Amino acid sequence: MGSGWSSEEERQPLLGPGLGPAPGAAWRSRGEAAAAALPAAAPSPGRVYGRRWLVLLLFSLLGFVQGLVWNTWGPIQNSARQAYGFSSWDIALLVLWGPIGFMPCFAFMWLLDKRGLRITVLLTSFLMVLGTGLRCIPVSDLMLKRRLIHAGQLLNGLAGPTVMNAAPFLSTTWFSADERATATAIASMLSYLGGACAFLVGPLVVPAPNGTAPLLASENSRAHIKDRIETVLYAEFGVVCLLFSATLAYFPPRPPLPPSVAAASQRLSYRRSFCRLLSNLRFLMIALAYAIPLGVFAGWSGVLDLILTPVHVSQVDAGWIGFWSIVGGCVVGIAMARFADFIRGMLKLILLLLFSGATLSSTWFTLTCLNSITHLPLTTVTLYASCILLGVFLNSSIPIFFELFVETVYPVPEGITCGVVTFLSNMFMGVLLFFLTFYHTELSWFNWCLPGSCLLSLLLILCFRESYDRLYLDVVVSV
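Residues numbered from 1 in each chain as written. Predicted model: local features only at pLDDT ≥ 70, side-chain atom pairs only at ≥ 80, totals over all residues. Heavy atoms only, no water.

By the naming in an unreviewed UniProt entry, the protein chain goes by Solute carrier family 49 member 4 and is assigned to Physeter macrocephalus. The UniProt entry for the protein chain carries the following text under Sequence similarities (unreviewed entry): "Belongs to the major facilitator superfamily." Recorded in UniProt under Catalytic activity (unreviewed entry), the annotation for the protein chain is "pyridoxine(out) + n H(+)(out) = pyridoxine(in) + n H(+)(in)". (UniProt positions renumbered as here; feature names shortened; annotations may be inferred.)

Below you can see the structure in the form of structure tokens.
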């Protein structure tokens, strides 16, 4: 299943230690050095296998379900309060377990770098099985039930580093240079699509509480809401178990032959990779441009229902707004990545256009929520339009960022590079949600964080000097 499907010789890098590109070389000299050093008798990499789409499908579905489980409680927070007695602190903490799960992110990056994709994915899916299983344990004590739910959300959060970081590693390992951005987009976007579907599944399956009902009717309503929530929990547990069985049955670590020169070349060690990342000012600049706005947006999306309650938006409407904002971003993100595969060397320009739109749409949403001051029309149409545009612009930038990270710091391994930036993003998200637990009665400051972070990111991208080291290596050697 795992490493037995290819020989030891096939699993060795095609470019040896003395043949790979010099880590400190400039953009053009790195590719030229690799091209000159490649021996004439070396086998030409570039074969792709049809099974790559099955591997991509399994990984993407795993990310989808992880995002779905993470965002289970935000869209139905009013119902969860009545069914299980959750407080505002509990609701915020249930979302906060996602970024908290990124604390051992560097351990998962080490595992991905040393043991490969199969072992890391199996461990990730097993953690999700344990997490969703804990939430389904039938207990009558509400205090114990709440603790089991929190523990389950934490275990699911521990699966986040793999599903969020490993997409570029998977695309480089299995896909050719003209498919990498598309594969990265599909693998990374499905996790966000799962979070979006939680906005749809939760409010549609779980009814909202009726605060005006008599006492007896209220008790019956509470029992009905609890039954519907448990139906969602059991369904998610079943899907996770099915995916774990599928990855256990078939999820190879790599193809018999690499699809590109970059996939065959050697990478820096774990320790040297961190030294390279932390000393690269260009990488730190673009990493902050990604981490700050995406972290703010992730935290904002997780409590969107709570944010929209003061402007009299129902739980169902908030669910639809969150759903379409993320779905639009996923669709546009995959389309943008496909465009980047056809028109190479345009990643910075794409990001500038996306964040210009994100800054404008987030400013529109924030000013609309302050309609008592700005007198802008506060309607369902304006809320839908501003939120959906914001989600489209921000979410579609994720795969473009990932590809630019890898190109900027090559030959640092993809998993380590993306692990550092997603750790930073979740750190910003966690800090915001922590403050939210203490200032949940006044959320206008959270809305202002959106346009501020988007504008800061836009300025950082504008000052960033792009390079395409990995792409140049593939183009030169393949020619």
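*Asks:* Sorry, what's going on with the overall build of the protein chain here?
*Replies:* Helix and strand counts for the protein chain come out as 23 helices and zero strands. Going through the 479 residues of the protein chain one by one, you find that 57% of them count as buried. Within the protein chain, contacts between residues separated by at least 24 positions form 86% of all contacts whose residues are at least 6 apart in sequence. Of the roughly 18,600 Å² that the protein chain leaves accessible, carbon and sulfur atoms contribute 70%. (Helix = DSSP H or I, 4+ residues; strand = E, 2+ residues; numbered from the N terminus. Buried < 20%, exposed > 50% of the residue type's maximum accessible area, 1.4 Å probe, protein only. Contact = heavy atoms within 4.5 Å. Areas by Shrake-Rupley, 256 points an atom, 1.4 Å probe, with all protein chains shown as cover.)

*Asks:* Can you walk me through a nonpolar patch on the surface in this structure?
*Replies:* Nonpolar side chains collect at one region of the surface, where Leu54, Leu57 and Leu61 lie side by side and expose about 230 Å² of accessible area between them. Within the secondary structure layout, leucine 57 lies in helix H2 (residues 52–70). On the basis of relative accessibility, which here comes to 45%, the residue leucine 57 falls in the partly exposed class. (Patch = residues over 30% accessible without salt bridge, like charges linked within 9 Å, V, L, I, M, F, W, Y side chains within 5 Å. Salt bridge = Lys/Arg side-chain N within 4 Å of Asp/Glu carboxyl O.)

*Asks:* Can you help me understand the packing of aromatic side chains in this one?
*Replies:* Centre distance and the angle of the planes are the two values used to describe a pair of aromatic rings. Tallying each qualifying case throughout the model produces 15 aromatic pairs. Taken together, a centroid distance of 5.9 Å and an interplanar angle of 50° make the contact between tyrosine 84 and phenylalanine 86 tilted. Accessibility expressed as a relative area gives 4% for phenylalanine 86, which makes it buried. Ring centres of tyrosine 270 and phenylalanine 274 lie 5.0 Å apart, and the angle between their planes is 70°; on these two criteria the pair is classed as edge-to-face. Of the two residues, tyrosine 270 and phenylalanine 274 are both situated in helix H13 (residues 270–279); the distance of four residues between them amounts to about one turn of the helix. In this pair, the class of tyrosine 270 matches that of phenylalanine 274, namely buried. Feature note: the residues Phe283, Tyr290, Phe355, Phe401, Phe402 and Phe405 constitute an aromatic cluster, connected by ring pairs. (Phe/Tyr/Trp six-rings, centres within 6.5 Å; stacked < 30°, edge-to-face > 60°.)

*Asks:* I tried to follow helix H3 (residues 77–84) on my own but got confused; where do I start?
*Replies:* Most of H3 is tucked away, with six of its eight residues classed as buried. Buried within H3 we find Gln77, Ser79, Ala80, Gln82, Ala83 and Tyr84. Just downstream of H3, glycine 85 is the residue with a positive phi angle, here 75°.

*Asks:* What's the story with the environment of alanine 151 in this structure? I'm lost.
*Replies:* If you trace the backbone, alanine 151 turns up in helix H7 (residues 142–158). Look at alanine 151 and you get partly exposed, because its relative accessible area is 30%. Between the alpha carbons of alanine 151 and glycine 131 there is a distance of 6.9 Å; along the sequence they are 20 residues apart.

*Asks:* For this particular structure, what's the right way to read the pattern of salt bridges?
*Replies:* Side chains that differ in sign of charge can pair as their charged atoms come close. The tally for this structure, following the rule as stated, stands at seven salt bridges. We note a salt bridge from glutamate 236 to arginine 135, for which the minimum N-O separation is 2.3 Å. Highlighted residues: glutamate 236 in helix H11 (residues 215–249) and arginine 135 in helix H6 (residues 117–135), separated in sequence by 101 residues. Residues glutamate 414 and arginine 470 are paired through a salt bridge, measuring 3.9 Å at the closest nitrogen-oxygen approach. With a gap of 56 residues between them, glutamate 414 in helix H21 (residues 414–438) and arginine 470 in helix H23 (residues 469–478) connect regions that are remote in the sequence.

*Asks:* Could you clarify how one ought to interpret unusual backbone geometry in this entry?
*Replies:* What is expected of a backbone is that most residues other than glycine have negative phi and most peptide bonds are trans. Proline 411 follows tyrosine 410 through a cis peptide bond whose omega is 15°. Here proline 411 lies in the loop between helix H20 (397–409) and H21.

*Asks:* Would you take a moment to explain the nonpolar core for this structure?
*Replies:* For soluble globular proteins, nonpolar side chains are generally found buried alongside one another. One finds Leu170, Tyr290, Trp300 and Phe401 to be the most contacted residues of the largest nonpolar core, which totals 100 residues. Counting residues per element, this core draws most heavily on helix H14 (residues 281–302), which supplies ten residues. Residues within four places of leucine 170 in sequence aside, it is in contact with Val55, Leu56, Phe59, Leu117, Phe175 and Phe251. Counting residues in hydrophobic clusters, the runner-up holds 18 residues, among them Tyr84, Ile91, Leu93 and Trp97. (Core = buried A, V, L, I, M, F, W, Y, C linked by side-chain atoms within 4.5 Å.)

*Asks:* Quick question: what am I supposed to make of the confidence of the model for the protein chain here?
*Replies:* Detail in the predicted coordinates should be disregarded across regions flagged by low pLDDT. Per-chain confidence: the protein chain averages 81 in pLDDT, with 82% of residues scoring 70 or above. Mean pLDDT values over the elements of the protein chain span from 42, in helix H1 (residues 27–37), up to 95, in H6. Low pLDDT, under 50, characterises residues 1–44; the stretch is placed with 66 contacts to residues that sit more than four places away or in other chains. (pLDDT = per-residue confidence, 0-100.)

*Asks:* What exactly am I supposed to notice about the environment of leucine 353 here?
*Replies:* Along the polypeptide, leucine 353 turns up in helix H17 (residues 347–369). Between the C-alpha atom of leucine 353 and that of serine 397, which follows or precedes it by 44 residues, the distance is 9.8 Å.

*Asks:* Explain helix H9 (residues 167–174) here, please?
*Replies:* Of all eight residues in H9, eight are buried, a share of seventy percent or more. Listed as buried for H9 are Ala167, Pro168, Phe169, Leu170, Ser171, Thr172, Thr173 and Trp174.

*Asks:* Could you clarify how one ought to interpret the side chain of threonine 359 in this entry?
*Replies:* Counting through the fold element by element, threonine 359 comes out in helix H17. Relative accessible area serves as the criterion here: at 12%, threonine 359 is assigned to the buried category. Here phenylalanine 355 takes part through its backbone oxygen, which lies 2.8 Å from a polar atom of the side chain of threonine 359. Not counting the four nearest positions on each side in its chain, threonine 359 is found in contact with Pro451, Cys454, Leu455 and Leu458. (Polar contact = N/O pair within 3.5 Å; in protein donor to acceptor, adjacent residues only side chain to side chain.)

*Asks:* I would appreciate a short explanation of the environment of alanine 385 in the present structure.
*Replies:* Relative to the helices and strands, alanine 385 resides in helix H19 (residues 380–395). A sequence separation of 21 residues divides alanine 385 from tryptophan 364, and the C-alpha atoms of the two residues are 9.5 Å apart.

*Asks:* Where do I start with the side chain of glutamate 403 in this structure?
*Replies:* When you line up the elements, glutamate 403 lands in helix H20. Discounting chain neighbours no more than four positions away, the residues touching glutamate 403 are Ser171, Arg180, Ala181, Thr184, Leu347 and Arg470.

*Asks:* Can you walk me through the packing of H2 against helix H10 (residues 180–205) in this structure?
*Replies:* The description of two packed helices rests on the angle between their axes and on the distance between the axes. Contact pair H2 / H10: the axes reach a minimum separation of 6 Å and the direction vectors enclose 30°. Relative to H10, H2 is oriented roughly parallel. Note that H2 runs across H10; the crossing there is right-handed. Contacts from Leu56, Phe59, Ser60, Gly63, Phe64, Gln66, Gly67 and Leu68 of H2 reach H10 at Ala183, Ile186, Ala187, Leu190, Ser191, Leu193, Gly194, Gly195, Cys197 and Ala198. (Axes fitted to C-alpha atoms, helices over the stretch in contact; angles between N-to-C directions. Parallel < 35°, antiparallel > 145°, perpendicular 65-115°, else oblique. Left-handed = near helix turned anticlockwise from the far one by under 90°.)

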